[in-house]
Amino acid sequence: MTEETLVPYSGYFQRDVPAEDPELTHVGPGTACGEYLRRYWQPVAMSNEIKDLPVPVRILGEDLVIFRDQSGRLGLLHRHCAHRGASLEYGIIMDCGIKCCYHGWHFDIDGRLIDAPSEPIGSPVRDRVIQGAYPLHEHDGLVFAYMGPPELKPEFPIYDTMCLGTASKTFSLSMPANWLQAYENTQDPIHVIHLHALSSGVQFGAASGVEQLIDYRDTPLGMMNIQTRRVGEMLWTRTTDSIFPNGNQTGAIWEEAEGKKMFQRVSMLRWMVPIDNTNTLTIGWRYFSDQLDPRGQDDPSIVGKESIDFVGQTAGRSYEERQRQPGDYEVQVSQRPIAIHALEHRVTSDRGVTRLRRLLRERVRAHQSTGEAPLPRLNEAGQVATYCQDSVYPVAPATDDDQLMKKFGSRIADAVLASDRLQHEQRPAEIEKICQSEFS
Ligand code: FES
Ligand SMILES: [Fe+2]
């Protein structure tokens, strides 16, 4: 805004809505961000959604159909039949693949045309036509697709938090807004105190409503924020990681920081998968344990399709309730279908969002110019070490408590990062060592 327009009642001067930032928000075929996202395995459905009928899905702006054939193999095909375009959501599931209902063309799960029944024997069509298809990988109730160039398909990554044996349920939530709004929200920890405590009443654990000191670090997977709170005699540091390009982990939703904890792992591993430019699927695992939920507030029975057991994540409340106690869904959707970055006034407290966009832009550009899409390195167990955790330790308040909290958060973050090559079970001891030697 100019000097002349920076005046009260300035609506007249602020009517222009510039274009969105296409480099980070457009995801269709051929876009910079869309091609970068396609280089990674993306969850596209929960296994329990795929029953005896084909399921239409839209991912990264592409209309697809997913099904399990009668031999139990999963297929993900372009939705419109290569013959004359009828949707394969009306297809007939076969022992091997799927048959289009219109003229009976029969495709295997990899798109090969097995039969075109009304064509003469010896017709070349079977060698000349192939239905678009993508490879799938099913893991613990989630179905992941690889939609990038076939010759560059990476190994399916196993994250350390997938291997802990913690009880879990899959969930899948859709939202009519751009994927980046959902993703960058996870590196905006300041909203926890505002949206989830002051504006709407405390929506997560009571301790999450305590003011936090916040810092940020890059990690080998992307970045993390470091939130440190004083809860009575305890210091509590949470690190929340972004697993680029679009994965995220979240600490215990109901954490109360009442007793000592070292490197407690996550209550969610999820991905913000673009359906298209203006719709997003947040899909992943929700984890349950007594340690993660000290007051018994979890409700696994309602976790699943368009439903999760904490407030404000879906459109499933009355408008009045959503106005009185808005949650993540309301703020992210209401930023516009695609938030206009050029209209924002980002400030010090937005530095997580700014950092995430910068890192993402660097990776999108690097991919565009060199074709590189970095893959995570593996720890000693062949897993991808991740960085989201909660640690709570008794530390008496100091005169300059902010300084102490800052140091505590920083040293926990150091240990979380430095222990990433170790076996998972060895990491809590590394953090405890720091607590004992520097904060006892
Ligand atoms: S449109 Fe599918 S077989 Fe003709
Ligand atoms: Fe939130």
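Just so you know, the residues in each chain are numbered from 1, in the order the chain's sequence is written. Chain letters start at A and ligand numbers start at 1, both assigned in the order the entries are written. Two thresholds apply to this predicted model, a pLDDT of at least 70 for residue-level local features and 80 or more for giving and counting side-chain atom pairs, whereas whole-chain, interface and lining totals are computed over all residues.

Some thoughts on the overall build of the chain
Reasoning step 1: Under the scheme used here, helices are H or I runs from DSSP no shorter than 4 residues and strands are E runs no shorter than 2 residues, and both carry numbers assigned from the N terminus. For the chain, the count of helices and strands is ten helices and 20 strands.
Reasoning step 2: By the compact-globule yardstick of 22 Å for 440 residues, the chain fits well, its C-alpha radius of gyration being 24 Å.
Reasoning step 3: Considered along the principal axes of its C-alpha atoms, the chain spans approximately 90 × 60 × 45 Å.
Reasoning step 4: Burial in this document is a count-based property: other C-beta atoms within 10 Å of a residue's C-beta are tallied, and the residue is buried at 20 or more, exposed at 12 or fewer, or partly exposed in between, with C-beta positions derived from the backbone. Every one of the 440 residues in the chain was classed for burial, and the buried ones make up 41%.
Reasoning step 5: Contact between two residues is assigned when their C-beta atoms, built from the backbone, lie within 7 Å. Partitioning the contacts of the chain with sequence separation of at least 6, the portion at a separation of at least 24 is 61%. The globule rule is 2.2 Å times the number of residues to the power 0.38, and the radius of gyration it is compared with is taken over C-alpha atoms.

Quick look at the nonpolar core
Reasoning step 1: We call a set of buried Ala, Val, Leu, Ile, Met, Phe, Trp, Tyr and Cys residues a nonpolar core when their C-beta atoms link them within 7 Å. In this structure, Val44, Ile59, Ile66, Leu76, Ala145 and Ile431 are the most contacted members of the largest nonpolar core, which totals 89 residues.
Reasoning step 2: Where each domain starts and ends follows an automatic or database-derived domain assignment. Domain assignment of the residues forming this core places at least three in each of domain 1 (42–151) and domain 2 (160–439).
Reasoning step 3: Every residue in contact with isoleucine 66, bar those within four places of it in the chain, is listed here: Val44, Ala45, Ile50, Val55, Val57, Leu74, Leu76 and Val143.

With respect to the sheet that holds strand S3 (residues 62–68)
Reasoning step 1: In this description, strands pair whenever DSSP reports at least two bridges between them. Judged by pairing direction, the sheet is antiparallel, and its four strands sit side by side in the order S2-S3-S4-S9 without closing on themselves. Each edge of the sheet is formed by a strand with only one pairing partner; in this case those strands are strand S2 (55–59) and strand S9 (133–134).
Reasoning step 2: Relative to S3, S2 runs antiparallel, the two being bridged by five bridges. Among the inter-strand pairings, valine 57 is bridged to a residue of S3, identified as leucine 64.

Quick word on unusual backbone geometry
Reasoning step 1: Residue proline 245 is bonded to the preceding phenylalanine 244 through a cis peptide linkage, with omega at 10°.
Reasoning step 2: By the secondary structure assignment, proline 245 is in the loop between strand S15 (234–243) and strand S16 (247–250).
Reasoning step 3: Not every positive phi belongs to a glycine, and leucine 60 is a case in point at roughly 50°.
Reasoning step 4: Structurally, leucine 60 can be placed in the loop between S2 and S3.
Reasoning step 5: Its identity is not glycine, yet alanine 257 carries a phi of approximately 55°, on the positive side.

What about the domain arrangement of the chain?
Reasoning step 1: Under the domain assignment used here, the chain contains domain 1 (42–151) and domain 2 (160–439).
Reasoning step 2: Taking the mean C-alpha position of each, domain 1 and domain 2 sit 36 Å from one another.
Reasoning step 3: Those elements that provide at least two residues to the side of domain 1 that touches domain 2 are strand S1 (42–46) and S2.
Reasoning step 4: A total of four residues in the side of domain 1 that touches domain 2 trace back to one element, the largest contributor, which is S1.
Reasoning step 5: A per-class count over the side of domain 1 that touches domain 2 returns six nonpolar, three polar and three charged. Note that Gly is not counted as nonpolar here; it falls among the polar residues with everything else outside the nonpolar set of Ala, Val, Leu, Ile, Met, Phe, Trp, Tyr, Cys and Pro and the charged set of Asp, Glu, Lys and Arg.

Section: the sheet that holds strand S5 (residues 92–93)
Reasoning step 1: Here we have four strands laid out as an open sheet, ordered S5-S6-S7-S8, and antiparallel in their pairing. The open sheet terminates on both sides in strands that have one partner only, identified here as S5 and strand S8 (113–115).
Reasoning step 2: Across two bridges, the pairing between S5 and strand S6 (residues 98–99) is antiparallel. By the bridge assignment, isoleucine 93 is partnered in S6 with isoleucine 98.

Some points on the packing of helix H9 (residues 401–418) against helix H10 (residues 427–439)
Reasoning step 1: Lines fitted to the C-alpha atoms define the axes, with helices restricted to the stretch that makes contact. Angles between their N-to-C directions range from 0 to 180 degrees. It is the contact of H9 with H10, at a shortest axis distance of 9 Å, that shows an interaxial angle of 150°. As summarised for this structure, H9 and H10 are arranged roughly antiparallel, according to the angle between their axes. Once H9 is placed against H10, the crossing between them reads as right-handed. Note on element contacts: H10 touches H9 through Glu430, Ile431, Ile434, Glu438 and Phe439, opposite Phe408, Arg411, Ile412, Ala415, Val416 and Ala418. Each angle receives one of four descriptions, namely roughly parallel if under 35 degrees, roughly antiparallel if over 145, roughly perpendicular if within 65 to 115, and oblique otherwise. Left-handed is the label given to a crossing in which the near helix is rotated counterclockwise from the far helix by less than a right angle, and right-handed is the label when the rotation is clockwise.

Brief notes about the environment of arginine 365
Reasoning step 1: Mapping arginine 365 onto the fold places it in helix H8 (residues 351–370).
Reasoning step 2: Between the C-alpha atom of arginine 365 and that of leucine 6, which follows or precedes it by 359 residues, the distance is 35 Å.

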